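# Geometric and topological summary
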Amino acid sequence: MNNAIKHIQQERKKYAKDWCVDAKKFSEDKDYEWMENVIKSYKTVIEVGCGDGSSTLELCNAGHNVISIDENIECLKLTKNKLEQAGYIVSLIKRESLLILNEKRYKVNYSKIDDKLYGNSILLIEGDIIEDSKLLQWLKNNRPYDAIVCWLIGTHGYRIYNDIISDRKIKTPGDYRLIVQNRIYEIADELLRVNGVLQIVDRGETPDKASIKEDFIEGHKEQASVTSLIVNSLAYRNYDNNIDNGTKMNITIGNKMEVPNKLPNGSLISVISVKP
Ligand SMILES: C[S@@+](CC[C@H](N)C(=O)[O-])C[C@H]1O[C@@H](n2cnc3c(N)ncnc32)[C@H](O)[C@@H]1O
């Protein structure tokens with residue numbers, strides 16, 4: 001059992017460390033600036049997945065009120081550190097208790113979040129956006145929000161043994177992204193104010209041909225179809241895929257979530273949906 005805990009910790013640490021490599025490149029290339037620009041006029045933002053905090057810092061520096069949610073404590077710790085070094089006041093809300101069922105199955109229980117006020121601090125909340133009823137309840141109590149962003153979602157290797165993932169038969173990074181994003185569409189429907197936006201950013205094949213762009217939009221329309229959200233616009237920006245030691249996150253092709261060996265022509269793709 002202790003082995004399983006050790007493995008979870010190792011995988012989380014490895015993921016967080018590897019993501020620093022990717023995030024450094026995205027920061028240097030001003031990709032986070034580009035992503036933030038799309039939602040500039042939306043003040044209160046929920047971020048799903050803080051990574052090493054580079055994306056969160058971009059949101060804070062641009063003046064948003066930020067609540068960031070992550071299931072990986074190592075990512076939350078890196079983010080807290082990064083934001084504090086930049087001079088921000090940060091509250092990290094730890095909520096996890098791990099339950100090891102056997103070597104290949106674990107469960108996470110998340111505690112209730114206090115309704116106390118956190119002042120003007122930036123909130124980092126430990127939680128799993130796929131299934132975490134206490135988090136959702138807290139977010140509902142504090143709604144509405146102007147924007148929800150999910151930039152470049154991905155996860156660590158041990159997550160396949162989490163009951164939430166194995167019960168849903170999630171096998172590939174593409175499946176994972178789809179499940180997380182589908183859930184975020186549903187949550188956005190409950191939490192956003194009228195005319196608030198959901199922004200999903202993925203890496204994928206450059207949608208410079210009408211057919212690729214339509215494929216992408218259709219994929220998101222399907223995801224939004226169980227909600228009232230309206231898929232509104234797509235923007236993209238070429239990015240350099242040559243990172244040697246990063247997380248090597250797989251790529252989304254059109255709406256099919258396939259995994260090519262080599263991406264000939266890759267972009268960051270931002271899709272905006274609006275709450276009517
Ligand atoms: C690839 S990183 C991207 C981080 C950041 N958005 C960025 O663009 O740099 C994905 C982050 O999402 C987090 N994550 C993945 N699945 C999640 C879930 N179900 N709930 C909360 N956070 C999740 C991971 O732990 C990781 O920190």
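Just above sits the structure.
Residues numbered from 1 in each chain as written. Predicted model: local features only at pLDDT ≥ 70, side-chain atom pairs only at ≥ 80, totals over all residues. Heavy atoms only, no water.

### Digging into the packing of helix α5 (residues 133–141) against helix α7 (residues 173–191)
Here α5 crosses α7 at 30°, and the two axes come no closer than 10 Å. What the angle tells us is that α5 and α7 run roughly parallel. For the pair α5 and α7, the crossing hand works out as right-handed. Facing α5, whose interface residues are L136, L139 and K140, α7 presents R183, I187, E190 and L191. Class assignment of the residues belonging to the contact of α5 with α7 gives a composition of four nonpolar, no polar and three charged. (Axes fitted to C-alpha atoms, helices over the stretch in contact; angles between N-to-C directions. Helix = DSSP H or I, 4+ residues; strand = E, 2+ residues; numbered from the N terminus. Parallel < 35°, antiparallel > 145°, perpendicular 65-115°, else oblique. Left-handed = near helix turned anticlockwise from the far one by under 90°. Contact = heavy atoms within 4.5 Å. Nonpolar A, V, L, I, M, F, W, Y, C, P; charged D, E, K, R; others polar.)

### Re the pattern of salt bridges
Under the definition given, this model contains 23 salt bridges. Between D22 and R203 there is a salt bridge, with its nearest N and O atoms 3.8 Å apart. Remark: R203 occurs in strand β8 (residues 192–205) and D22 occurs in helix α1 (residues 2–28); sequence separation between them is 181 residues. Across the pair, exposure class does not vary: D22 and R203 are buried alike. The salt bridge partner of E28 is K24, with a shortest N-O separation of 3.0 Å. Within this pair, E28 and its partner K24 are both found in helix α1, separated by four residues, close to a single helical turn. The exposed category is assigned to E28, whose relative accessible area is 51%. What you see here is one network of salt bridges that share partners, running through R12, E71, E96, D128 and R159. (Salt bridge = Lys/Arg side-chain N within 4 Å of Asp/Glu carboxyl O. Buried < 20%, exposed > 50% of the residue type's maximum accessible area, 1.4 Å probe, protein only.)

### Topic: the site of the ligand
Close contacts around the ligand come from 22 residues, with Y32, G49, D70, L152 and Y176 the closest. The contact in question runs from a nitrogen atom of the ligand to an N or O atom on the side chain of D128, over 2.8 Å. The contact in question runs from a nitrogen atom of the ligand to an N or O atom on the backbone of W151, over 2.9 Å. Relative to its unbound accessible surface of 590 Å², the ligand loses 100% to contact with the protein. Elements with a contribution of two residues or more to the shell around the ligand: α1 and β2 (65–70). The residue makeup of the shell around the ligand, split by class, is 12 nonpolar, six polar and four charged. (Near = heavy atom within 4 Å. Polar contact = N/O pair within 3.5 Å; in protein donor to acceptor, adjacent residues only side chain to side chain. Areas by Shrake-Rupley, 256 points an atom, 1.4 Å probe, with all protein chains shown as cover.)

### So, the packing of helix α2 (residues 31–38) against helix α3 (residues 54–61)
Running from N to C, α2 and α3 point in directions that differ by 50°, and their axes come no closer than 10 Å. Put simply, α2 runs oblique to α3. Relative to α3, α2 is oriented so that their crossing is right-handed. Residues Y32, E33 and E36 of α2 touch α3, and the partners they reach there are S54, S55, E58 and L59. The residue makeup of the contact of α2 with α3, split by class, is two nonpolar, two polar and three charged.

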